[in-house]
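# Examining the three-dimensional arrangement
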Amino acid sequence: MEPKVSPEHPKIWLPRALRQTYIRKVGDTVNLLIPFQGKPKPQATWTHDGCALDAGRVSVRNGERDSILFIREAQRADSGRYQLSVRLGELEATATIDILVIERPGPPQSIKLVDVWGSNATLEWTPPQDTGNTALLGYTVQKADTKSGLWFTVLERYHRTSFTVSNLIVGNSYAFRVFAENQCGLSETAPITADLAHIQKAATLRKTGGFAQRDFSEAPKFTQPLADCTTVMGYDTQLFCCVRASPKPKIIWLKNKMDIQGNPKYRALTHLGICSLEIRKPGPFDGGIYTCKAVNPLGEASVDCRVDVRAPH
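Everything quoted here is computed from the prediction, not taken from an experiment.

## Topic: the sheet that holds strand E14 (residues 162-165)
- Taken in spatial order, the three strands of this open sheet run E10-E11-E14, and their pairing is antiparallel. Strands with a single pairing partner mark the edges of an open sheet, and in this sheet they are strand E10 (110-117) and E14. Ignoring which end each strand starts from, the neighbouring axes of this sheet average 20° apart.
- Pairing geometry for strand E11 (residues 120-126) and E14, over four bridges, is antiparallel. What sits directly across from Glu 124, in E14, is Ser 162.

## Overview of the nonpolar core
- Ile 12, Val 30, Leu 32, Ile 34, Leu 69, Ile 97 and Ile 99 are the most contacted members of the largest nonpolar core, which has 22 residues in total.
- Excluding its chain neighbours within four sequence positions, the residues that come into contact with Val 30 are Tyr 22, Arg 24, Leu 69, Phe 70, Ile 71, Ala 74 and Ile 99.
- Core analysis: the second largest hydrophobic core is formed by 20 residues, Phe 222, Val 243, Tyr 266 and Val 303 among them.

## Examining the side chain of Ser 67
- Within the secondary structure, Ser 67 sits in strand E7 (residues 66-71).
- At 2.6 Å, the side chain of Ser 67 and the side chain of Asn 62 are in polar contact.

## Describing the confidence of the model for the protein chain
- With 93% of its residues at a pLDDT of 70 or more, the protein chain has an overall mean of 90.
- In the model of the protein chain, strand E19 (residues 229-232) stands out as the element of lowest mean pLDDT, 87, in contrast to E7, which has the highest, 97.
- pLDDT under 50 marks residues 204-213. Its contacts with residues more than four places away, or in other chains, come to two contacts.

## As for the state of the cysteines
- Following the criterion strictly, the structure yields zero disulfides and no others.
- With no disulfide of its own, Cys 242 lies 6.9 Å from the sulfur of Cys 241, the closest cysteine sulfur.

## Remarks on the environment of Ser 119
- Among the structural elements, Ser 119 can be located in the loop between E10 and E11.
- Each C-alpha atom, one on Ser 119 and one on Ile 279, is 28 Å from the other, the two residues being 160 residues apart in sequence.
- Among all residues touching Ser 119, those that are not within four sequence positions of it are Val 165, Ser 166, Asn 167, Leu 168 and Ile 199.

## Quick notes on the sheet that holds E7
- Strand order in the open sheet formed by four strands is E1-E3-E7-E6, with antiparallel pairing between adjacent strands. For this open sheet the edge positions go to strand E1 (8-12) and strand E6 (59-62), each flanked by a neighbour on one side alone. The average undirected angle you get between the axes of adjacent strands in this sheet is 20°.
- Direction of pairing for E6 relative to E7: antiparallel, over a ladder of four bridges. Note on E7: the bridge partner recorded for Val 60 is Leu 69.

What counts and what doesn't
Residues numbered from 1 in each chain as written. Predicted model: local features only at pLDDT ≥ 70, side-chain atom pairs only at ≥ 80, totals over all residues. Heavy atoms only, no water. Pairing = 2+ DSSP bridges. Helix = DSSP H or I, 4+ residues; strand = E, 2+ residues; numbered from the N terminus. Axes fitted to C-alpha atoms, helices over the stretch in contact; angles between N-to-C directions. Core = buried A, V, L, I, M, F, W, Y, C linked by side-chain atoms within 4.5 Å. Buried < 20%, exposed > 50% of the residue type's maximum accessible area, 1.4 Å probe, protein only. Contact = heavy atoms within 4.5 Å. Polar contact = N/O pair within 3.5 Å; in protein donor to acceptor, adjacent residues only side chain to side chain. pLDDT = per-residue confidence, 0-100. Disulfide = S-S within 2.5 Å.

Below is the structure:
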């Protein structure tokens, strides 16, 4: 008599790379080989979001010891939860794989030049209608002066939808554009401001008999707020905001409403209305609410943000 083959319970060996969401770009090939065991040969079946696979898009090849799922050119519709079931009579093993198919985002829908003052220009834009099936990493803002026509990046991976560009050159006119970015890259196109920002020389007014000089003084106003941030313990971090005021305001930084002037842990700088605070090698107790306050004889204003400090991986 031939020895009887001892049955082997079905079991699936899911590769480590597939235990978290498996991300592919539109047009990429998906080729997954999933080893399993079971004697006699078990029945292997796949589903996509609980339904049978679309045979026109996905092909499966089942061997003695593995199952291969193949998609020639992935599309966004191929995203979702795939489940492999390996069945032997009443016994069954299952494994789940989440696939996300992504592409570059669409462009921001519009960009507007909101204000021009001194050598600064304030921009606002609207998010893209299509983020490419994944979260945005942020926005890239670029400027070009009409003399050279060359585009230069002003900031990258910025999360808000408004920004004040500073240090523009007097006598030049500027256009601005903004790209959206996700992990596939930048949007293929970018909207451009319809209006140019003309950076003019400051008007010098002489005092003549009977005419008072125009008064340019104004209470502080923040044109760029502080942004919440998460930082890693031991890595220097900088906070930025922009303020407009005349006469020049006094800048006071607070942490959890306590003045931090003179504390060697911090370095505060103010230049041309841009206020920055460097937090040197933050530790677990440096998280909290940070406030930047600007004060001049006409009034005061403040902005704040939350800083979270996390341990390195």
